[in-house]
Amino acid sequence: TTNFEVGVHSVWNDGALVFNGAVYHIEWDDVQTIGTTLNGALPITVNGGKARSQGVEIAFQSRGGEHWSFTGSYAYSDAQLSSFAAGLVDGEDAYSGDRLSGTPQHQGSFYANYRRALRNGWDLDVGYGFTFTSDVLTKVGARNNGETLGGYTIHGLSAGVSEDRWSATFYVDNLTDKFAESAVRQDPTKIRNVAGF
């Protein structure tokens, strides 16, 4: 790979705001992607063609008043083949402009925290956050029975109290009980009836 990146790390208002950002462009020869063996259809890594990935990443941390703090991030990635790749997708050809598999175009997170001292000397800490990712392809260009796995958002919530020598926290991961498909092993053509299953 040949990587080009320009970024900034910055601190504003006596540390009340931290902002980091970067733009990048990556040229990749003999791109690696997911394939399967001819015999047994076992997952393997295969090489083929050229690809490029370019995008932007930003992240921040900030304080809001006496009790609030916030963090967040966002990334955009445009990852695609930049040349013809014969037989790349389980024997099927892939073409320049085909989106790479397993790479979401959008990802991000946000977290808000509220912290204050209570009258009894304890500290109260309450937080809420979420992460999100956009859809991904299971095969380059969704070719040869490739699928698109939908994007999803995961929410989390926490609340706790603490003192100098102890702390107790109640938290919920995946607050909305989101079920998301994040990967597949093969493709729908491999679905078949085996002994009634």
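Located above this text is the structure these notes cover.
The following refers to the structure shown. Worth saying up front: this structure is predicted, and the values here are computed from it rather than measured.

## A look at the pattern of salt bridges
Phase 1 of the analysis: If you walk through the whole model with that rule in mind, you get eight salt bridges.
Phase 2 of the analysis: One salt bridge in this structure joins arginine 52 and aspartate 78, with 3.2 Å as the shortest N-O distance. Taken together, the positions of arginine 52 in strand E5 (residues 50–64) and aspartate 78 in strand E6 (residues 68–81) put the pair 26 residues apart, joining distant regions of the chain. Assigned by exposure class, arginine 52 and aspartate 78 land together as buried.
Phase 3 of the analysis: Between aspartate 125 and arginine 115 there is a salt bridge, with the nearest N and O atoms lying 2.7 Å from each other. Highlighted residues: aspartate 125 in strand E10 (residues 123–133) and arginine 115 in strand E9 (residues 106–117), separated in sequence by ten residues.

## Overview of the packing of aromatic side chains
Phase 1 of the analysis: Taken as a whole and assessed by the stated rule, the structure comprises seven aromatic pairs.
Phase 2 of the analysis: Summarising the aromatic geometry, the rings of tryptophan 68 and tyrosine 114 are spaced 5.0 Å apart at their centres and angled 55° between planes, so their arrangement reads as tilted. Note that tryptophan 68 is positioned in strand E6 and tyrosine 114 in strand E9, a separation of 46 residues in sequence.
Phase 3 of the analysis: Their ring planes at 45° and their centres at 6.3 Å tell us that tyrosine 128 and phenylalanine 130 sit as a pair that is tilted.
Phase 4 of the analysis: Cluster of aromatic residues (ring-pair linked, three or more members): Trp68, Phe70, Phe110, Tyr114, Tyr128 and Phe130.

## Some thoughts on the nonpolar core
Here is a general trend for soluble globular proteins: nonpolar side chains tend to be buried in one another's company.
Phase 1 of the analysis: Core analysis: the biggest nonpolar cluster contains eleven residues, these being Val31, Val46, Ala51, Ala79, Leu81, Ala85, Leu88, Val89, Ala94, Leu100 and Val140.
Phase 2 of the analysis: Going through the elements one at a time, E6 and strand E7 (85–89) are the ones with two or more residues in this core.
Phase 3 of the analysis: When residues of this core are assigned to their parent elements, the largest contribution, three residues, is made by E7.
Phase 4 of the analysis: Ignoring anything within four residues of it in the chain, the contact list for valine 31 reads Val46, Asn47, Gly48, Gly49, Ala51, Leu81 and Leu100.

Thresholds applied
- Residues numbered from 1 in each chain as written.
- Predicted model: local features only at pLDDT ≥ 70, side-chain atom pairs only at ≥ 80, totals over all residues.
- Heavy atoms only, no water.
- Salt bridge = Lys/Arg side-chain N within 4 Å of Asp/Glu carboxyl O.
- Helix = DSSP H or I, 4+ residues; strand = E, 2+ residues; numbered from the N terminus.
- Buried < 20%, exposed > 50% of the residue type's maximum accessible area, 1.4 Å probe, protein only.
- Phe/Tyr/Trp six-rings, centres within 6.5 Å; stacked < 30°, edge-to-face > 60°.
- Core = buried A, V, L, I, M, F, W, Y, C linked by side-chain atoms within 4.5 Å.
- Contact = heavy atoms within 4.5 Å.

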